[in-house]
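This is what each chain is made of:
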Amino acid sequence: MTGRRVDDGLDRGQPFQFFLDGEAIVAYPGESIAAALVAHGRNVARRTTRADVPRGYFCGMGVCWDCVMVVNGTPNVRTCRTEAAPNMKVQTQRGVGEAS
Amino acid sequence: MIDTDLAIIGAGAAGLAAATEAVEHGLTVTIADDNPRAGGQYFRQPPLPFRRNGQSWFDKEATRANALFDVLGHPKVTHIPDAVVWNLPEPNVLAVAAGDRSTRVRAGAIVVATGAHDRPVPFPGWTLPGVITAGGAQNLLKGNRMVPGRRIVVAGNGPLLFVVGASLVRAGVDVAAIVEAAPVNARLTAALPGLLAAPKLLRQAIDYRWTLLRAGVPVRTGMTAVAAHGEENVNAVSIAPIDGEGRIDRNRIERVDCDALVVGFGLTPSVELMRLIGCDLDFHPARGGWLPRRSTGFETSVPGVFAAGDGAAIGGVEIALLEGRLAALEAAVRLGRARDASVRRAALTHKLARIDRFRRAIERLFAAPCHYLDLLADDTVVCRCEEVTAGELKMRGREAWTSMVQLKSTTRLAMGRCQGRNCMATLASLVAQSMGEPIAKLAYPRTRPPARPIALGDLLHEPIAPPELPADPHLPRGQKVT
C-alpha cells in the first residue's frame, strides 16, 4: 500500500526525521511510528517466527500486536501506539524480538 | 491505592458519558484508559500538535468530542491515560498498570466501558501487509489524518464499511469497490420503518451512501472477499457472490486490483475483564458475540459492576453515550448519591428506546448471509500471533477434536500476544461446527490476568498477596490443587 497524508488544510507542525533500518523517514509531531511508515509506503513492520512472512499495521488500536518493531533497541513495541520522535531508530523485527 | 466513588474503565464515548453523569451527582471519578488521549475509537482526535482549520469534513465531530473531554478537567475527576487495567483482583478493585508501575483503584462502583475491536474473520491472504481492519483505517484517518493507499477495496459485512468507504472518498482516495456480504438492497424496504425511528442517524447513513454514489464507487452487495493476493503487500483481492442459501459461488470469482484492502466484519466487545471476574455472559452474534448479562440499569451479574457501550453490546456511539449516562446514574443511586434519578432515567431511557429501534433495523439489514468458516483454506492462518493454520487445527481435530482447551494447548493457538482476540472466535466456530454444538454451550479456556499484556517491571510495585495455588481450569472454580 502506498499511503499518504490527507491534505485538508490541517497544519501538522514542523516535520522531523527518524530512521527505519537506516533509511530516513519524515514524520510530524504526534504521529505514530506505524502511520508515518504507512505514509512513506513502508508497510512491513516485522517478519514472523515460523513462516518468515511479512506483517504490518492491522488493527490500529493496540489489540493485534502485528505492527511490533524494534524501537531504539527495544523489541515488541506496538508502533501503532507509539509516537515517532526525532532521530528514533526503528528496525524491522524478526521473530519474537531480533532486529533483522 | 486510589479511593474513588466511581471507577470507569475506558475513556471512549460510554466512559466519558458515564464520567459526565457521575460528577453531576457529586461522585468522585477515576477513569483509566489505554490510549494517550481520551475519545476511544469514535471520538479519536488528531495529535495535539496538529492545528485544525475547523473546515474539514473530518472535524465534524470535534465539537461534540471537546464537550465530552471537558469532564476530564473537572476537580472530582482523575484521568489515568496510557493505562492498562490488567486485573480486577476484587470486583471493586482495579489493578492498573500505567507509567511503568501498577497501582490499585478501590471504587464504590465500576463502569466497564472497554469498547470493541474488529471481529476477526480469517480468509486466505488476510495477514498480508496492506490488509487492515476497518477500525485501523478509521484510526489512520481520525488519529493521523492519513489514508492507507491510493486504490482501496473495502470489504466485509456491516454499516462501518460504508462509513469507512465514504471517509476514504472524502480523503481523496480511489475506492475501487465496497464489497458488502449482506444483500442490503433487497432487505431495505423491510428495514425502513425501524430506520425512520432515528431520522438524524438515517440522514447520516444516506450522506455516506450519497458520497459513495457521487464518487461512482461500485457497491457490490451480496458478495464477499475470498482471498487477498500479493507477496510483500496486497495487490489484488478476489471477490465472489453469495447465493440465497449462503453458499459462496467460487465459479464467479472476480479480481479487483488495489494497494490496500480494508476488511470489517462487525465488531466484538472487549469483555475479558468481565469474564475474568465471573460476570454471566450470553452469546448474541447480532450484538458482537459474548455479552455481559445486564439488568435494566446496566448492572452485570456481579453487584456494583456496570457495563456500558460497545464493550457490553455493539450498538454504536449514540447508544454508548446514553448507556454510559444511565449506568453512572444507577451507580449513583446505588451509592445513595443520585439526584432526580427517576426523571433523568425516564428521559434517557426514552431516547435510548428510539435509537434501539434504529439499531435493530440496522442489524436485520446487515445480518451475516454466509458462514465465514467457508472462507478458510487449509493454509489460512487462524491464529495470527502463533501462526496456527486452519489445516493444523483440522489435523489435530481428527486426533482429538473435542474441546477448545485441548486445541489451544496442543497448537499454541491463542497463546500469543493478542491473547486470543484474533482467533478465539474462529476456534469456537470450528469446534462448534465439528461437534454439532452451539457456541453458547462450549467450554472456553479460562481467562486469566493480565487481561492485556503488561511489562514484568510494572508489577514490581504490586502489593504482594499471600501465595495461593491457581485454580486448575479442569477443577470447579476455587477448588485447590493438592
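Given the structure is predicted, the values throughout are model-derived calculations rather than measurements.

## Some thoughts on the interface of chain B and chain A
Between chain B and chain A, the residue contacts involve 56 residues of the former and 46 residues of the latter. In total, about 4,200 Å² of surface goes out of reach between chain B and chain A, with carbon and sulfur atoms giving 51% of it. Sorting the residues of chain B by area buried against chain A places Met146, Glu387 and Arg417 of chain B first, and these three jointly supply 17% of that buried surface. The interface formed by chain B and chain A contains 7 salt bridges. Where Arg81 of chain A meets Asp82 of chain B, a salt bridge forms, and the shortest distance between an N and an O atom there is 3.7 Å. Counting across the interface, chain B meets chain A through 27 residue pairs in polar contact (both at pLDDT 80 or more). Of all the secondary structure elements, the ones that give two or more residues to the side of chain B that touches chain A are strand S7 (116–118), strand S8 (131–133), helix H3 (134–144) and strand S9 (146–147) of chain B. With 6 residues, H3 of chain B is the largest single contributor of residues to the side of chain B that touches chain A. A per-class count over the side of chain B that touches chain A returns 23 nonpolar, 16 polar and 17 charged. Of the strand pairs in this sheet, strand S1 (residues 4–5) of chain A and S9 of chain B are connected by 2 bridges, and their pairing is antiparallel. Residue pairing in the sheet places Arg4 of chain A in a bridge with Val147 of chain B of S9 of chain B.

## Observations regarding the domain arrangement of chain B
All names here are of chain B. By domain assignment, chain B separates into domain 1 (2–117 + 268–339), domain 2 (120–265) and domain 3 (376–441). Once you take the C-alpha centre of each, domain 2 and domain 3 turn out to be 27 Å apart. Each partner contributes to the interface: domain 2 provides 6 residues, whereas domain 3 provides 9 residues. For the pair domain 2 and domain 3, the summed buried surface comes to about 680 Å²; carbon and sulfur atoms form 60% of the total. Area buried by domain 2 at its contact with domain 3 is led by Pro120, Pro122 and Trp126, which between them contribute 66% of it. On inspection of domain 2 and its partner domain 3, the count reaches 0 salt bridges. There are 2 residue pairs in polar contact (both at pLDDT 80 or more) connecting domain 2 and domain 3.

Reading the values: rules and limits
- Residues numbered from 1 in each chain as written.
- Chains lettered and ligands numbered in written order.
- Predicted model: local features only at pLDDT ≥ 70, side-chain atom pairs only at ≥ 80, totals over all residues.
- Heavy atoms only, no water.
- Contact = heavy atoms within 4.5 Å.
- Buried area = accessible area lost by both parts, 1.4 Å probe.
- Salt bridge = Lys/Arg side-chain N within 4 Å of Asp/Glu carboxyl O.
- Polar contact = N/O pair within 3.5 Å; in protein donor to acceptor, adjacent residues only side chain to side chain.
- Helix = DSSP H or I, 4+ residues; strand = E, 2+ residues; numbered from the N terminus.
- Nonpolar A, V, L, I, M, F, W, Y, C, P; charged D, E, K, R; others polar.
- Pairing = 2+ DSSP bridges.
- Domains from an automatic or database assignment.

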